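# Remarks on the overall topology
Given next are the chains, with one letter for each unit.
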Amino acid sequence: MRDARPRVSLGPMESVTARDGRGGGRRLRERYPQAARRAVPYRQQVLRVRGRSVAWVPPLVLLAVIALADVNTGADFRIVSWIVLVPGIAAAICGVWGTAVFAVLSVVTYVAVDSLWPDAYQAGLPDFILVTVGGVLATLACVVRVRGQERVLRMQNTADTIRATVLRPLPPGWGGLEHAAVYLPADVEARVGGDFYDIQPGPHGTRVLLGDVQGKGLGAVEMAAALLGTFREAGYHEPELRTVAERLETRVRRHRQHIADMGRGGQDTDRFATAVLLGFPPDTPDAVDLVSFGHEPPLVAGPCGVRVLPPGDGLPLGLGELMTAGAAPPAPPAVRRFPLAAGETLLLTTDGVTEARDGAGAFYPLATAVTRALAADPAAAVPRRLVALVRDGVLRHSRGRLEDDTTMFAVRRGDGGGL
């Protein structure tokens, strides 16, 4: 989120860099390279064919070409010293031992090729030292590169663990809802940001939360995790959706106070979050309850077409105190109930969707795109197909250049009916 503008979130639990079980991540990387900037590849993943590493092929070919060219050209065209390039190329794409082998092989090849010439035309000791020192330096450079890649991998594994904790995987049919989500981080290597979403079933019905924390960095992730933790508890135990909303507002205020008490001032003590809180009452299968915290309202897609639910008048989480004198706890936004027919899907998004721009600066027309897709194929309202449709549309519209974390989250009652 940028500044105080509302954001949107989405869903089938896949990142542009993650696999969706059917090669979806790979297809996204191929079609939208800007959106799927690859993290630094591990040394064993560079130049692979059918699962086997072929990173050794380029330096070996270069070595052979230089040796053959030197042997088969005249004495006025000695290029044997170019062999110093071989371990340098190996250092960029091979492992440490592979680079060391090419360093030794380059020295041996240099000596063999140079000795074929008469003494008057030999490159001699200076170039021999050049090739030897070049091989040693290339091996050391490869050690530094590999260690850096391993450090990046550890950081990525840590980020993946954090993401799985914040955006926990949801089993199919969780809470009686058919659901799908897509999360596309603007910074692919970061893998997790301030967008959050979850489904919490309980004795008082299934609740759904989607939101977007203002700002970026670990502070945004911290607040997202705090809100999700509160939602998972309150969404299960509290009979009233209004009380769940109150708990979320209180959690933001407590979190910011804790940050301040820890001496971490600045943006972390002023963060807020926009969010949409949904409730599927178990005794009313044809309706959904909604509380909006300054977030764009959900889009409803189904057999009867597309409609956007009315926007709420609630302030973002953490800004509710602006509605009071500051002494009393802020009142949560009103809970509103809307009809929801069988087969209708609720699509929630973050502002990464609605604020995606094309080359001319035009925003992505979400409602128009979904309406057009449903007119062509009513089955596009199925959650998995709907989020895939929006995902591809956003990436095409923005040419794969995501300026903000982008989330799409689609839910509807399972079996087209009750929970």
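The structure reproduced in this document is the subject of the present report. This structure is a prediction, so every number in the text was calculated from the model and none was measured.

Attention shifts here to the packing of aromatic side chains. Tallied over the full model, the rule gives two aromatic pairs. Relative to Phe128, the ring of Tyr110 lies with its centre 6.2 Å away and its plane at 45°, an arrangement referred to as tilted. One end of the pair, Tyr110, is in helix H4 (residues 96-115); the other, Phe128, is in helix H5 (residues 125-166), with 18 residues separating them in the sequence. For Phe128, a relative accessible area of 30% puts it in the partly exposed group. When the ring of Tyr197 is compared with that of Phe409, the centres are 5.0 Å apart and the planes differ by 35°; the resulting orientation is tilted. Placement of Tyr197 in strand S4 (residues 195-200) and of Phe409 in strand S12 (residues 406-413) is noted, with a sequence separation of 212 residues between them.

Attention now goes to the sheet that holds strand S8 (residues 299-302). Strands pair in a sheet through their backbones, by hydrogen bonds, and they do so in one of two ways: parallel or antiparallel. One open sheet accounts for five strands, arranged S3-S12-S11-S8-S9; its pairing is antiparallel. Among the strands making up the open sheet, the edge pair consists of strand S3 (177-184) and strand S9 (305-308). Between one strand axis and the next, the sheet turns through 20° on average, direction left out of account. In the sheet, S3 pairs with S12 via eight bridges, with the strands oriented antiparallel. Its bridge partner lying in S12, Tyr183 is registered against Thr407.

With that settled, the discussion passes to the sheet that holds strand S10 (residues 336-339). Strand order in the open sheet made by the five strands is S4-S5-S6-S7-S10, with antiparallel pairing throughout. The strands lining the two open edges of the sheet, one partner per strand, are S4 and S10. Neighbour-to-neighbour, the strand axes of this sheet turn through a mean angle of 20°, independent of strand direction. The strands that helix H6 (residues 218-237) touches are S4, strand S5 (206-213) and strand S6 (273-280); relative to S4, the one it contacts most, it runs at about 15°.

Cut-offs used in this document
- Residues numbered from 1 in each chain as written.
- Predicted model: local features only at pLDDT ≥ 70, side-chain atom pairs only at ≥ 80, totals over all residues.
- Heavy atoms only, no water.
- Phe/Tyr/Trp six-rings, centres within 6.5 Å; stacked < 30°, edge-to-face > 60°.
- Helix = DSSP H or I, 4+ residues; strand = E, 2+ residues; numbered from the N terminus.
- Buried < 20%, exposed > 50% of the residue type's maximum accessible area, 1.4 Å probe, protein only.
- Pairing = 2+ DSSP bridges.
- Axes fitted to C-alpha atoms, helices over the stretch in contact; angles between N-to-C directions.
- Contact = heavy atoms within 4.5 Å.

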